[in-house]
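So you can see what is in the structure, the chains are spelled out below.
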Amino acid sequence: MNDYTNAIEIKNVTKKYDGFTLDNISFDVPRGSIMGFIGQNGAGKTTTIRSLLNIIPINAGEITLLGMDHIKHEREIKERLAVVFDELPFHDIFNAKEMGKIFRGLYAKWDDKVYEGYLERFQLPQEKKIGQFSKGMKMKLQIACALSHDAELLVMDEATTGLDPVVRSEILDIFLEYLQDENHSILMSSHITSDLEKIADSVTFIDRGKILVTGYKDEVLENHGILKCTKADYRDIDPEDIISARITDFGAEAMVSDRAAAARKYEGLLLEPTTLEEIMVYYVHRNTKEWSS
Amino acid sequence: MTLNKIKILVWREWRICRKTYLSSMFSGAVLVSFFWLIRLSMSYGNLAPVFAESELLAEFSGLLYYMSAAMVAGITAGMSADPSALLADVRANWMRYSFVLPVSPAQRSVSIYIVRFIKYAIGFAITAVNGIVSAKANGIPFTGDMMWFFAAVYAATMLYNLLLQWFYSQARTVRQISAAQGKTMGVLTGLIMIYTCYKMIIQGNNNEVDSLDVMINSLREKFITHENIIIPLTVIVLIAAPLTGWYFTALHYRTHGDVKEDSQPKKRFSFGLKKGKDGETV
């Protein structure tokens, strides 16, 4: 087993499509941590994940997974990572038992006992065809398959989207258990920021192919804040200090990225803490600066 | 481990396509049985008083001897190039998922070709049995050249398969994969039409149409006359076509991940093809 500090290192990666560019992005996922990768639909989350998994070739940049180049050591990396997609990638004709048989043949470290344990825990029938599973059951099956070959890195692309809160909570608990091993790391892309607020150690926010914010979740939340004021007070705020502002009939709410500085500069204004969801929404409107809901 | 991977991929591939394959083979068997029933009826059944001593019976026997074999070969070839497993993989998102598994494009391609060889082997065995039985029943000698005739038919179907595989390797979308068979048939039909035009117009071959028996015998004679070329060519095609096809398949698996389709497929006229999960988000 090789030694590495970051489970994922993405340096200056560019991927060009017609009408979309993943623009020179860089971020790291430290070993033993869970990173929330957030952004609205079409922001570039899936393209980033597909690039790092070498599903699509990148135009420029470097990607290192588990301390190895993602192309040169592709086979070795893929033995040691697991991926959970938003939709179940298994054929409807198979059942859970047959999927176990397939993965047993594909992964050197596949563990039948662990897999059966997950099936039992998730109450997934072994003989029932996958086509007859509910969305929650399908996602649980995918997670059971992902966690049964001792993967060191778990990559999830919108895995909790469309699931009810009970199933989501159950799945998040599984991820926290998985992280008990300090060698395990997770990259979790989602636009359900409440999930990430619960479990993520760090967050990266992407919009229109560009990384806007990346860092430890607590620091990101601590640095950002919302200035609440009247429209008259808002006109006195330096536009350079704000990300964007929501203008309502009753006043203005402006997002700042340096809460401490804003607190000193605008002493008389109400400065409130923010959430990941608000950060996402305010950053999305950064170009128009002012918006109303 | 590599062998295990290929073994499990073969099992998976076969599990997906076996139902379609076996039902198609069954349909083919029903069709061939229908001709056999007519043939038996002409000799021993209600049609015997009219056809038992006729020339038509001889022609029909020839038809059974060659054409049913060609038909079985055709069905086998068609099913060997069956795109349903490939389409099912794309639609079930397995195609995308397979990129994150520790298997190489070459291993996936090998597993597909092993399944195809299984299909070919079954088809060839049925063709040979059909040939032996029809030869016996119709009093036609079953000679070695008949087996080479079958092999040549299979080689031709492998070339069809290869062309189809090339179109698959170029396809990046579900729609393009679905269209690959149509394109292959279009190219082959075009080639046959050009050849026919050449024979009929340029060479002015406007002879009267021969009887079926004469046509089949003349085909067989031509085969025997040119067997010095046809047999080596068949062997080359039987070896080279799957290898090249394997390469195209591996290429397809290597490059298919680079798919970027409209999230909202444009409305356009289609021949009733179901819309697949074309949309991919970035």
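Residues numbered from 1 in each chain as written. Chains lettered and ligands numbered in written order. Predicted model: local features only at pLDDT ≥ 70, side-chain atom pairs only at ≥ 80, totals over all residues. Heavy atoms only, no water.

A. Here's a closer look at the overall build of chain A. Helices and strands together make up the secondary structure of chain A, namely 11 helices and 15 strands. In summary, chain A has a C-alpha radius of gyration of 21 Å against a globular reference of 19 Å for 293 residues, a match within 12%. Among the 293 residues that make up chain A, the fraction classed as buried is 54%. A fraction of 70% describes how many contacts in chain A between residues 6 or more apart in sequence connect residues 24 or more apart. Total accessible area on chain A is roughly 12700 Å²; 46% of this is exposed by carbon and sulfur atoms. (Helix = DSSP H or I, 4+ residues; strand = E, 2+ residues; numbered from the N terminus. Rg over C-alpha atoms; globule rule 2.2 N^0.38 Å. Buried < 20%, exposed > 50% of the residue type's maximum accessible area, 1.4 Å probe, protein only. Contact = heavy atoms within 4.5 Å. Areas by Shrake-Rupley, 256 points an atom, 1.4 Å probe, with all protein chains shown as cover.)

B. Focus on the interface of chain B and chain A. Between chain B and chain A, the contact holds 32 residues from the first and 39 residues from the second. Together, the buried faces of chain B and chain A total about 3300 Å²; carbon and sulfur atoms form 61% of this surface. Remark: the boundary between chain B and chain A carries 3 salt bridges. Elements with a contribution of two residues or more to the side of chain B that touches chain A: α1 (2-43), α4 (84-91) and α5 (94-98) of chain B. Of all the elements, α1 of chain B adds the most residues to the side of chain B that touches chain A, at 8 residues. Residue classes in the side of chain B that touches chain A are distributed as 17 nonpolar, 5 polar and 10 charged. (Buried area = accessible area lost by both parts, 1.4 Å probe. Salt bridge = Lys/Arg side-chain N within 4 Å of Asp/Glu carboxyl O. Nonpolar A, V, L, I, M, F, W, Y, C, P; charged D, E, K, R; others polar.)

C. Seen up close, the sheet that holds strand β12 (residues 242-247) of chain A. All names here are of chain A. Judged by pairing direction, the sheet is mixed, and its 5 strands sit side by side in the order β14-β11-β13-β12-β15 without closing on themselves. The open sheet has two edge strands with one neighbour each: β14 (270-273) and β15 (290-291). For β12 and strand β13 (residues 252-256), the ladder comprises 4 bridges, and the chain directions are antiparallel. When the sheet's bridge partners are listed, I247 is paired in β13 with A252. (Pairing = 2+ DSSP bridges.)

D. Representation of a nonpolar patch on the surface within the structure. Together, Y195, Y198, M200, I201 and I202 of chain B give the surface a local cluster of nonpolar side chains, amounting to about 590 Å² of exposed area. Residue placement: Y195 of chain B occurs in helix α8 (residues 174-202). (Patch = residues over 30% accessible without salt bridge, like charges linked within 9 Å, V, L, I, M, F, W, Y side chains within 5 Å.)

E. Seen up close, the domain arrangement of chain A. Residue and element names in this part refer to chain A. For chain A, the assigned domains read domain 1 (6-216) and domain 2 (224-291). A straight line from the C-alpha centre of domain 1 to that of domain 2 covers 34 Å. Domain 1 puts 13 residues into the contact, and the matching count from domain 2 is 10 residues. A buried area of about 1000 Å², summed over both sides, lies between domain 1 and domain 2, and 69% of it is on carbon and sulfur atoms. For the pair domain 1 and domain 2, the interface holds 1 salt bridge. Applying the counting criterion to the domain 1 and domain 2 interface returns 3 residue pairs in polar contact (both at pLDDT 80 or more). For the side of domain 1 that touches domain 2, the secondary structure elements donating two or more residues are α7 (193-199), β9 (202-207) and β10 (210-216). (Domains from an automatic or database assignment. Polar contact = N/O pair within 3.5 Å; in protein donor to acceptor, adjacent residues only side chain to side chain.)

F. How the structure looks around α4 of chain B. Considered for burial, the residues of α4 of chain B that qualify are A85, L86, L87, D89 and V90 of chain B. One or two steps after α4 of chain B, the chain reaches N93 of chain B, where phi turns positive at roughly 70 degrees.

G. How the structure looks around the sheet that holds strand β4 (residues 60-65) of chain A. Spatially, β2-β1-β4-β5 (chain A) is the arrangement adopted by the 4 strands of the open sheet, whose pairing is antiparallel. Looking at which strands have only one partner, the edges of the open sheet turn out to be β2 (20-30) and β5 (68-69) of chain A.

H. Focus on the packing of aromatic side chains. Here the structure, examined in full by the defined rule, presents 18 aromatic pairs over all chains. Plain terms: the ring middles of F85 of chain A and Y97 of chain B are 6.2 Å apart, the flat faces sit at 70 degrees to each other, and that makes the pair edge-to-face. With F85 of chain A in the loop between β6 (81-84) and α3 (96-106) and Y97 of chain B in helix α5, the pair connects residues from two separate chains. The same class applies to F85 of chain A as to Y97 of chain B, namely buried. Arranged with centres 5.8 Å apart and planes meeting at 65 degrees, the rings of F34 of chain B and F35 of chain B form a pair that is edge-to-face. Overall, the relative accessible area of 28% leaves F35 of chain B in the partly exposed class. Cluster of aromatic residues (ring-pair linked, three or more members): F85, F90, F103, Y107, W110 and Y115 of chain A together with W94 and Y97 of chain B. In this structure, R108 of chain B is placed above the aromatic ring of F99 of chain B, and the distance from its NZ or CZ to the ring centre is 5.1 Å. (Phe/Tyr/Trp six-rings, centres within 6.5 Å; stacked < 30°, edge-to-face > 60°. Lys NZ or Arg CZ within 6 Å of the ring centre and 35° of its normal.)

I. The environment of S169 of chain B, seen in detail. Among the structural elements, S169 of chain B can be located in helix α7 (residues 144-170). When the C-alpha atoms of S169 of chain B and T249 of chain B are compared, they prove to be 6.2 Å apart, with 80 residues separating the residues in sequence.

J. Structural context of the layout of surface pockets. Its volume calculated, the second largest pocket comes out at about 570 Å³. As for the second largest pocket, its lining consists of 23 residues, and the residues nearest its centre are F90, H91, D92 and I93 of chain A together with A92 of chain B. When residues of the lining of the second largest pocket are traced back to their parent elements, those giving at least two are α5 (135-146) of chain A together with α1 and α4 of chain B. No other element matches α1 of chain B, which puts 5 residues into the lining of the second largest pocket. Looking at the lining of the second largest pocket residue by residue, the classes come out as 8 nonpolar, 4 polar and 11 charged. (1 Å grid on protein atoms, 1.4 Å probe; cavity = no way out; pocket = protein on both sides within 12 Å on 5 of 7 lines; lining within 4 Å. Points joined across faces, edges and corners; volume = space filled by probe spheres on them.)

K. Region of interest: unusual backbone geometry. Residues and elements named next belong to chain A. A positive phi angle, close to 60 degrees, is found at N54, a residue other than glycine. You can see N54 is positioned in the loop between α1 (45-52) and β4. Using a relative accessible area of 7% as the deciding quantity, one classes N54 as buried. Its identity as a non-glycine residue notwithstanding, E158 has a phi of 55 degrees, on the positive side.

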